[in-house]
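# Observations on chain architecture
Given next are the chains, with one letter for each unit.
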Amino acid sequence: MAAQDMAKAVRIDATVPSRRAAPVTRIRSNRARGRPSPEDAAAIDHELLDIALGLFLQHGYGGTSMRQIVAAAGVSKTTLYSRFTSKADLFRAIMIQQIDRLSPSASLQSEGGPLALEAGLRSYANQMLAVSLEGDVLGVNRLIYSESRRFPELGAAAAERTALGIARISDFVRTCARNAGRSCSDPRGIAEAFIFMIRGWYVNVILTNRDVPVAERERWVKRAVRALVCGQHEW
């Protein structure tokens, strides 16, 4: 099959999220006039991000304008632009909000402290893949893959998210090596291999539009992590 035909056959539709996008609603107008309290300001930020996310998932990044977001939110341009100076800032803030909600560092911990190396990597991979294959996170990722060529700021936001994951796993690998009394000359290299290994599997699933059973995902994670840690004596 020619490359162009293959590209047409495998299509990522960024405007169709994995589930129906939440309805876009205006920001509540029952707050007192004047300068908002810190709590109200945080609530406004949160609601603006939710409204922007809904529009991005419905219309795509390129099909959504700051003017549309202002209209949907029922706020002034000043309210929006004083918080997010561009559409790219809004998208980046949405991704940061998603990361905060996921609490990825928690997957590397147990009640007794950090998990052991293999258990921690398996836990992290399973949690990140599970949440990335459903809901708004899947919708955002589809949007990134389909529109980042036209809008490089999407790729930049994704790269920033990836860098956070690499730094997190690098610290975990370093801590595990120290706790085991071993040296690790390149924890960042190990973290990059781990993160991009997960990414490759994830992209393949998205491109083939498969619904992957939990048991199948967990089996793959177990095999992949085992293959990685088997070489830890050379790290």
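Along the protein chain, the regular secondary structure elements total ten helices and two strands. Counting from the amino terminus, the protein chain carries its helices and strands in the arrangement α-α-α-α-α-β-β-α-α-α-α-α. Counting only residues that meet the buried cut, the protein chain has 40% of its 235 residues in that class. The long-range fraction of contacts in the protein chain, counting pairs at least 24 apart against all pairs at least 6 apart in sequence, stands at 71%.

Moving on to the side chain of N141. Structurally, N141 is set in helix α7 (residues 135-147). Those residues in contact with N141 that lie beyond four places of it in its chain are S132, R161 and Y202.

Further remarks concern the environment of V205. By the secondary structure assignment, V205 is in helix α9 (residues 187-208). Spatially, the C-alpha atom of V205 lies 8.8 Å from that of L133, the residues being 72 residues apart in sequence. Setting aside its immediate chain neighbours within four residues, V205 contacts L133, R210 and V212.

What follows is about helix α5 (residues 87-102). An ideal rise of 1.5 Å per residue puts 22 Å on 16 residues; α5 measures up with 23 Å between its terminal C-alpha atoms. Just downstream of α5, S103 is the residue with a positive phi angle, here 45°.

The next subject is the confidence of the model for the protein chain. When the pLDDT values of the protein chain are averaged, the result is 85; 84% of them are 70 or greater. Ranking the helices and strands of the protein chain by mean pLDDT puts helix α10 (residues 214-229) first, with 97, and helix α1 (residues 3-9) last, with 41. The model gives residues 1-23 a pLDDT under 50, and that stretch makes 33 contacts with residues more than four places away or in other chains.

What follows concerns the environment of H233. Here H233 shows up in the segment after α10. Separated by 51 residues in sequence, H233 and R182 place their C-alpha atoms 8.7 Å apart. From its side chain, H233 meets the backbone oxygen of C230 in a polar contact 3.5 Å long.

This paragraph deals with the packing of aromatic side chains. Counting across every chain of the model gives six aromatic pairs. Seen from their ring centres, F56 and Y61 are 5.4 Å apart, and the 35° between their planes marks the pair as tilted. With a centroid separation of 5.2 Å and 70° between ring planes, the pair formed by Y61 and F151 is classed as edge-to-face. Placement of the pair is Y61 in the loop between α2 (38-59) and α3 (66-73) and F151 in the loop between α7 and α8 (152-179), with a sequence separation of 90 residues. In this pair, the class of Y61 matches that of F151, namely buried. K87 extends its terminal NZ or CZ atom over the ring of Y61, reaching a point 4.4 Å from the ring centre. Here K87 stacks its cationic end above the ring of F151, 5.6 Å away from the centre of that ring.

Calculation notes
Residues numbered from 1 in each chain as written. Predicted model: local features only at pLDDT ≥ 70, side-chain atom pairs only at ≥ 80, totals over all residues. Heavy atoms only, no water. Helix = DSSP H or I, 4+ residues; strand = E, 2+ residues; numbered from the N terminus. Buried < 20%, exposed > 50% of the residue type's maximum accessible area, 1.4 Å probe, protein only. Contact = heavy atoms within 4.5 Å. Expected span 1.5 Å × (residues − 1). pLDDT = per-residue confidence, 0-100. Polar contact = N/O pair within 3.5 Å; in protein donor to acceptor, adjacent residues only side chain to side chain. Phe/Tyr/Trp six-rings, centres within 6.5 Å; stacked < 30°, edge-to-face > 60°. Lys NZ or Arg CZ within 6 Å of the ring centre and 35° of its normal.

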